[in-house]
Amino acid sequence: MKAATVLPLVLLSFACGGGGGSAPPAEGPPSSKEPGAVDMPPASTGGSGGGPAASPAATPTASPASTAPPPQKIEFPPHASVEDATKAVPQGLPRMNMSDTVLQAPLLDHARYDKCKVPRTTKFSITVAVYDGAAVGVDVTTKPKNAKLEECLDGIVRSMTWDKVPSLNHATVTF
């Protein structure tokens, strides 16, 4: 009967704030996890702890990538298209989205394509599937059609690197 009365009082003191100095001691004793309880509450109360809690709250998307187990080993076909790479990923894997800005940044560096000597009159589009920091599927189209140029651009894109995120992400750029 006492436990049923104490728990609501502890939760009420958390909800009311209970003062800046009394919040950390109140969090420590009621929890059953000894070391985890010290680490977890500061991250969940990001509003009250300015410096230390701001860091975990500011990087929730980067944190899973850096603390996640190694990515599942997926066998992608060599020189796969984006569709082939997408089909190679098993259903039900956790999804971690990368922003379009991060995905497109290496692709938008036009100087990378200088080696291919792209004529000024040629338009090209690149779609890439990225998994764990590497291009695992690439589709290149040129107008007018030029198979040698498409092969050169494909090779350049496959040599690029991205942030290591154990999830398949897609990006498209057009020049």
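As the structure is a prediction and not an experimental result, all values here were calculated from the model. (Residues numbered from 1 in each chain as written. Predicted model: local features only at pLDDT ≥ 70, side-chain atom pairs only at ≥ 80, totals over all residues. Heavy atoms only, no water.)

Caption draft 1: Layout of the sheet that holds strand S2 (residues 134-143). Spatially, the three strands line up as an open sheet ordered S2-S1-S3, and their pairing is antiparallel. The outermost strands of the open sheet, each flanked by one partner alone, are S2 and strand S3 (169-174). Sheet twist, expressed as the average angle between the axes of neighbouring strands with direction ignored, equals 15 degrees. The pairing of strand S1 (residues 123-131) with S3 spans six bridges and is classified as antiparallel. Directly across from Val130, in S3, lies its bridge partner Asn169. (Pairing = 2+ DSSP bridges. Helix = DSSP H or I, 4+ residues; strand = E, 2+ residues; numbered from the N terminus. Axes fitted to C-alpha atoms, helices over the stretch in contact; angles between N-to-C directions.)

Caption draft 2: Geometry of the state of the cysteines. One pass over the full model with this rule turns up one disulfide. Here Cys116 is linked by a disulfide to Cys152, with a sulfur-sulfur distance of 2.0 Å. Taking the torsion about the S-S bond as the criterion, the Cys116 to Cys152 disulfide, at about -90 degrees, is left-handed. Note that Cys116 is positioned in the loop between helix H7 (100-108) and S1 and Cys152 in helix H8 (residues 147-158), a separation of 36 residues in sequence. (Disulfide = S-S within 2.5 Å.)

Caption draft 3: Quick look at the packing of aromatic side chains. Counted under the stated rule, the structure contains four aromatic pairs. Consider the rings of Tyr113 and Phe124, whose centres lie 5.5 Å apart with planes at 75 degrees: the pair is edge-to-face. Placement of Tyr113 in the loop between H7 and S1 and of Phe124 in strand S1 is noted, with a sequence separation of 11 residues between them. The exposure classification of Tyr113 matches that of Phe124, with both residues buried. Ring geometry for Phe124 against Phe175: centres 4.8 Å apart, planes inclined by 35 degrees, an arrangement best described as tilted. Highlighted residues: Phe124 in strand S1 and Phe175 in the segment after S3, separated in sequence by 51 residues. (Phe/Tyr/Trp six-rings, centres within 6.5 Å; stacked < 30°, edge-to-face > 60°. Buried < 20%, exposed > 50% of the residue type's maximum accessible area, 1.4 Å probe, protein only.)

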